[in-house]
Amino acid sequence: MAARQGVLPLLPFDLDGVVAELRRTTFPGIEGDVACRFSAEIEVVAQITTEPWPGCRGDIEVNTALNVPGTPIEVIRAIVKHELLHLVAPPELVRRWGRWYREIHPQAFLMRQFETAPEFQTACEWLKRNFGRQLKTDRDGSLVIHGRRVRKGGRRRVAKAPDPD
Ligand SMILES: [Zn+2]
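Keep in mind the model is a prediction, meaning the values are calculated, not measured. (Residues numbered from 1 in each chain as written. Predicted model: local features only at pLDDT ≥ 70, side-chain atom pairs only at ≥ 80, totals over all residues.)

### Section: the overall build of the chain
Piece 1. Per the secondary structure count, the chain includes five helices and seven strands.
Piece 2. Reading the secondary structure of the chain in the N-to-C direction produces α-α-β-β-β-α-β-β-α-α-β-β.
Piece 3. Relative to its 165 residues, the chain shows a buried fraction of 28%.
Piece 4. Considering only contacts within the chain whose residues lie at least 6 apart along the sequence, 68% involve residues at least 24 apart. (Helix = DSSP H or I, 4+ residues; strand = E, 2+ residues; numbered from the N terminus. Buried ≥ 20, exposed ≤ 12 C-beta atoms within 10 Å, placed from the backbone. Contact = placed C-beta atoms within 7 Å.)

What follows is the structure, given as structure tokens:
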């Protein structure tokens, strides 16, 4: 397990266990495998990459900054919920200032998050308390932990989702 995850998990609970629990309780409609691991190669708090068709595999990466024994399971649960929501409320193309723009957190996403993850706000407050000025919101509305050493060749968030056409 540790080998597959790449980064040795230090949490007293299992990331895949959190995914399994949330799929059972909140997202029974999600098909396909969803893996979850810590990554030292991202600046965002977490991200999900997936292929643009239903039933395929999703990969959630959680920033290694959260790989400390004191990270509450409630915070991880809220973060994983947010990432799973990306599978049920995909990005939308919106036109703004004369340009098409991929909205990663469109209104439909935020509404679903409000309904299914009311604890998300509390989790954000915990992140702000713990990361202070390192925590920023990027232009997509994603939380980024600045000042983290991202491994050379590390990836920025790449959202792969269907193009609504
Ligand atoms: Zn997101």
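### Some words on the pairing of strand β3 (residues 58-63)
Piece 1. Within β3, five of the six residues are buried, which leaves the element mostly enclosed by the surrounding structure.
Piece 2. Bridging between strand β1 (residues 34-39) and β3 involves six bridges; their strand directions are parallel. Of the residues in β3, the one forming a bridge with Cys-36 is Ile-60.
Piece 3. Pairing analysis gives five bridges linking strand β2 (residues 46-50) to β3, with the strands arranged antiparallel. Within β3, the residue paired with Thr-50 across the bridge is Gly-58. (Pairing = 2+ DSSP bridges.)

### A short note on the sheet that holds β2
Each strand in a sheet pairs with its neighbour through backbone hydrogen bonds, running either in the same direction (parallel) or in the opposite one (antiparallel).
Piece 1. The three strands lie next to each other as β1-β3-β2, forming an open sheet whose pairing is mixed. Looking at strand neighbours, the two that pair on one side only are β1 and β2, the edges of this open sheet. The average angle at which neighbouring strand axes cross in this sheet is 20°, direction not considered.
Piece 2. Contacts between helix α3 (residues 73-88) and the sheet are confined to β1, β2 and β3, with β2 contributing the most and set at about 25° to the helix. (Axes fitted to C-alpha atoms, helices over the stretch in contact; angles between N-to-C directions.)

### Let's talk about α3
Piece 1. When the terminal C-alpha atoms of α3 are compared, their 23 Å separation across 16 residues agrees well with the 22 Å that a helix rising 1.5 Å per residue should span.
Piece 2. Here α3 lies mainly inside the structure; 13 of its 16 residues are buried. (Expected span 1.5 Å × (residues − 1).)

### Topic: the environment of Phe-109
Piece 1. Within the fold, Phe-109 resides in helix α4 (residues 107-116).
Piece 2. C-alpha of Phe-109 to C-alpha of His-82: the two residues are 27 residues apart in sequence and 9.2 Å apart in space.
Piece 3. Every residue in contact with Phe-109, bar those within four places of it in the chain, is listed here: Leu-85 and Ala-89.

### What about the nonpolar core?
Piece 1. Membership of the largest hydrophobic core comes to 30 residues, with the highest contact counts inside it found for Val-19, Cys-36, Ile-60, Val-62, Ile-79 and Val-80.
Piece 2. Where this core is concerned, the elements lending two or more residues are α2 (15-25), β1, β2, β3, α3, α5 (120-131) and β7 (143-145).
Piece 3. Contact partners of Val-19, with chain neighbours within four places excluded, come to Val-34, Cys-36 and Val-80. (Core = buried A, V, L, I, M, F, W, Y, C linked by C-beta atoms within 7 Å.)

### Things to note about the packing of α3 against α5
Piece 1. Interhelical geometry of α3 versus α5 gives an angle of 120° and a closest axis separation of 9 Å. By the angle between their axes, α3 is oblique relative to α5. Relative to α5, the crossing made by α3 is left-handed. Counted together, Glu-74, Val-75, Ala-78, Ile-79 and His-82 of α3 and Phe-120, Ala-123 and Trp-126 of α5 form the full contact between these two elements.
Piece 2. Along the lines of polarity and charge, the residues of the contact of α3 with α5 split into six nonpolar, one polar and one charged. (Parallel < 35°, antiparallel > 145°, perpendicular 65-115°, else oblique. Left-handed = near helix turned anticlockwise from the far one by under 90°. Nonpolar A, V, L, I, M, F, W, Y, C, P; charged D, E, K, R; others polar.)

### Quick word on the environment of Ile-73
Piece 1. Among the secondary structure elements, Ile-73 is positioned in helix α3.
Piece 2. The spacing of Ile-73 and Leu-15 is 58 residues in sequence and 9.3 Å in space, taken between C-alpha atoms.

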